[in-house]
Amino acid sequence: MNELSVNIITKGEELPQMTCKNFFHSADLFRIIESTPGQKPYMVVASDGEGKVVGHMLVMLRRRGSLIPPYLFTQARVYGEGEYDTGCDKETVFGLMLQKAVRKLKYGKCLYIEFSDLGTKMFGYAKFRANGFFPVHWMEIHNSLHSMHPEKRLTPKMGKQLAKAKESGMETNIATTEKEYDQFFKILRGYVSLKIRRFIPDPSLFRKLREQGCCNLFTTLSDGQTVSGCLCVYSEGNCYLWYMATKRKLHKKRASAQTVWTAINHAYENNYQHIYFMDVGLPFKKNPFREFILGFGGKPVGKYRWFRCSFRWINKLLSWIYRE
């Protein structure tokens, strides 16, 4: 491992040859992010003495604005721990890449770094701690699709919501037009605006994902109007529900239920092994959205999300608040 070198790539034409099975660390997503306004990709690449890539990790830098200081800032987001060559010491390579990424980001205007959706709860624990990160207990949810039909996992309450949605004439389809994508983005912008952590992407992101053929956007109509939608991406035989939004109106729960249920059924019918819900909200004891997602019969799994704030005193304060 002493011969390993770590570099950060910021331009698509400079990416080396590497195996990309995980969508969230792929060269395809790198290029999509590279051409999306308000975002910038960093591909952290670890190579051995012969120049062979043994690990890589995609960091997405997002430009944000706020009504309170610092007003304009960036946040870094990483989904998962990256991809690694078979036989390498995964945690050692990850530690080297993490250290390189932190050094790169802390000298810019990156307010905080967030890692989520790690494979196991304890992965990289010592490496994160050594680089100034603090963990927040999180509950993630995924539904198994390979052992039984999803309908058998529904709770009675969710079954009633779906029945009411069907009775009201709601219909969900896979979006295929620019208009449908634009309508979903408008709903997402209104849905996310009051959520501090959530990021509103530029609408071109959704169009590029569609062009790459690596995602589906499910939209639900009520009385001819789009009222809900969710965007799913597919990687390594699994489905990931990445973004979801519903209009704030009387029948919000019905529309949300219909949308998610269609995405689950589509994944099941296309032989995906699991569907992962990538953000079910902050880890409060009472979380209506998390309870809603559990209504589909998913499995809750205790995990850590790791955060690092660039302001040292804030990072120390948050580390103390979330101490174990």
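Residues numbered from 1 in each chain as written. Predicted model: local features only at pLDDT ≥ 70, side-chain atom pairs only at ≥ 80, totals over all residues. Heavy atoms only, no water.

Colleague: Sorry, what's going on with empty space enclosed by the protein here?
Modeller: Where empty space is left in the structure can be found by rolling a water-sized probe over the atoms. Counted by the stated rule, this structure contains two cavities of 30 Å³ or more. Taken as a whole, the second largest cavity holds about 30 Å³ of empty space. Lining the second largest cavity are Met-57, Val-59, Val-78, Leu-98, Ala-101, Val-102, Leu-105, Ile-113 and Phe-115. Contributions of two or more residues to the lining of the second largest cavity are made by strand 3 (53–65), helix 2 (90–106) and strand 6 (110–116). The dominant element in the lining of the second largest cavity, judged by the number of residues it contributes, is helix 2, at four residues. In the lining of the second largest cavity, the residues fall into nine nonpolar, no polar and no charged. (1 Å grid on protein atoms, 1.4 Å probe; cavity = no way out; pocket = protein on both sides within 12 Å on 5 of 7 lines; lining within 4 Å. Points joined across faces, edges and corners; volume = space filled by probe spheres on them. Helix = DSSP H or I, 4+ residues; strand = E, 2+ residues; numbered from the N terminus. Nonpolar A, V, L, I, M, F, W, Y, C, P; charged D, E, K, R; others polar.)

Colleague: I would appreciate a short explanation of the nonpolar core in the present structure.
Modeller: Note that soluble globular proteins tend to have their nonpolar side chains buried in a common cluster. Of all hydrophobic cores here, the largest spans 37 residues; its most connected members are Phe-24, Leu-209, Leu-231, Trp-242 and Tyr-243. Among the elements of the structure, helix 1 (27–34), strand 2 (39–47), strand 3, helix 5 (178–192), helix 6 (204–212), strand 9 (215–222), strand 10 (225–235) and strand 11 (238–246) are those that each provide at least two residues to this core. With six residues, the single largest contributor to this core is helix 5. When neighbours within four sequence positions are excluded, Leu-231 is seen to be in contact with Phe-206, Leu-209, Cys-215, Asn-216, Leu-217, Tyr-240, Leu-241, Trp-242 and Tyr-243. Membership of the second largest hydrophobic core comes to 30 residues, among which are Ala-76, Leu-98, Ile-113 and Phe-123. (Core = buried A, V, L, I, M, F, W, Y, C linked by side-chain atoms within 4.5 Å. Buried < 20%, exposed > 50% of the residue type's maximum accessible area, 1.4 Å probe, protein only. Contact = heavy atoms within 4.5 Å.)

Colleague: Explain the side chain of Thr-172 here, please?
Modeller: With respect to the helices, strands and loops of the structure, Thr-172 is situated in strand 8 (residues 171–174). Engagement of the side chain of Thr-172 in a polar contact is seen with the side chain of Thr-220, the distance being 2.6 Å. Look past the residues within four positions of Thr-172 in its chain and what remains in contact with it is Phe-218, Thr-219, Thr-220, Gln-258, Thr-259 and Thr-262. (Polar contact = N/O pair within 3.5 Å; in protein donor to acceptor, adjacent residues only side chain to side chain.)

Colleague: Can you help me understand the packing of aromatic side chains in this one?
Modeller: As enumerated under the stated definition, the model contains 26 aromatic pairs in all. An angle of 50° between the planes, with centres 6.0 Å apart, marks the rings of Tyr-125 and Tyr-304 as tilted. On the criterion of sequence distance, the pair formed by Tyr-125 in helix 3 (residues 125–130) and Tyr-304 in strand 13 (residues 299–309) is long-range, its members being 179 residues apart. A relative accessible area of 5% means that Tyr-304 is categorised as buried. Among the aromatic side chains, those forming a connected cluster through ring pairs are Phe-23, Phe-24, Tyr-79, Phe-184, Phe-206, Tyr-240, Trp-242, Tyr-243 and Tyr-276. (Phe/Tyr/Trp six-rings, centres within 6.5 Å; stacked < 30°, edge-to-face > 60°.)

Colleague: Mind showing me how you'd approach the environment of Glu-167 here?
Modeller: Inspection of the secondary structure puts Glu-167 in helix 4 (residues 156–167). Exposure remark for Glu-167: the relative accessible area of 69% places this residue in the exposed category. Each C-alpha atom, one on Glu-167 and one on Asn-238, is 31 Å from the other, the two residues being 71 residues apart in sequence.

Colleague: In this structure, what is going on with unusual backbone geometry? I would like to understand it.
Modeller: Negative phi values dominate among residues other than glycine, just as trans dominates among peptide bonds. The backbone of Asp-223 sits at a positive phi, close to 55°, despite the residue not being glycine. Positionally, Asp-223 belongs in the loop between strand 9 and strand 10. Judged by its relative accessible area of 76%, Asp-223 is exposed. With a phi close to 65°, Asn-271 is a non-glycine residue in the positive phi region. Inspection of the secondary structure puts Asn-271 in the loop between helix 7 (252–269) and strand 12 (274–277). Among the residues examined, Asn-271 registers a relative accessible area of 63% and is labelled exposed.

Colleague: Even after reading the chapter, I still don't get a positive patch on the surface, so can you show me in this structure?
Modeller: Judged by side-chain charge, Lys-40, Lys-100, Arg-103, Lys-104, Lys-106, Arg-312 and Lys-316 come together as a positively charged surface patch. Elements with a minimum of two residues in the positive patch: helix 2 and helix 9 (312–321). For the positive patch, the element with the most residues is helix 2, which contributes four residues. Following the sequence through the fold, Lys-104 ends up in helix 2. (Patch = residues over 30% accessible without salt bridge, like charges linked within 9 Å, V, L, I, M, F, W, Y side chains within 5 Å. Areas by Shrake-Rupley, 256 points an atom, 1.4 Å probe, with all protein chains shown as cover. Salt bridge = Lys/Arg side-chain N within 4 Å of Asp/Glu carboxyl O. Lys, Arg positive; Asp, Glu negative; His and termini not counted. Charge placed at Lys NZ, Arg CZ, Asp CG, Glu CD.)

Colleague: Honestly, the pattern of salt bridges in this entry has me stumped. Any pointers?
Modeller: Pairs can form between side chains of opposite charge whenever their charged atoms are close. Scanning the entire structure with this criterion turns up nine salt bridges. When the shortest N-O distance is used, the salt bridge between Lys-52 and Asp-85 registers 3.1 Å. Linking Lys-52 in the loop between strand 2 and strand 3 with Asp-85 in the loop between strand 5 (83–84) and helix 2, this pair joins segments that are 33 residues apart in sequence. Take Lys-52: its relative accessible area is 44%, and that puts it in the partly exposed class. A salt bridge links Arg-305 to Glu-114; the nearest nitrogen and oxygen atoms lie 3.1 Å apart. Of this pair, Arg-305 sits in strand 13 while Glu-114 sits in strand 6, placing them 191 residues apart in sequence. Glu-114 matches Arg-305 in its accessibility class, with the two residues each being buried. When salt bridges that share partners are traced, they join Arg-77, Glu-114, Asp-279 and Arg-305 into one network.

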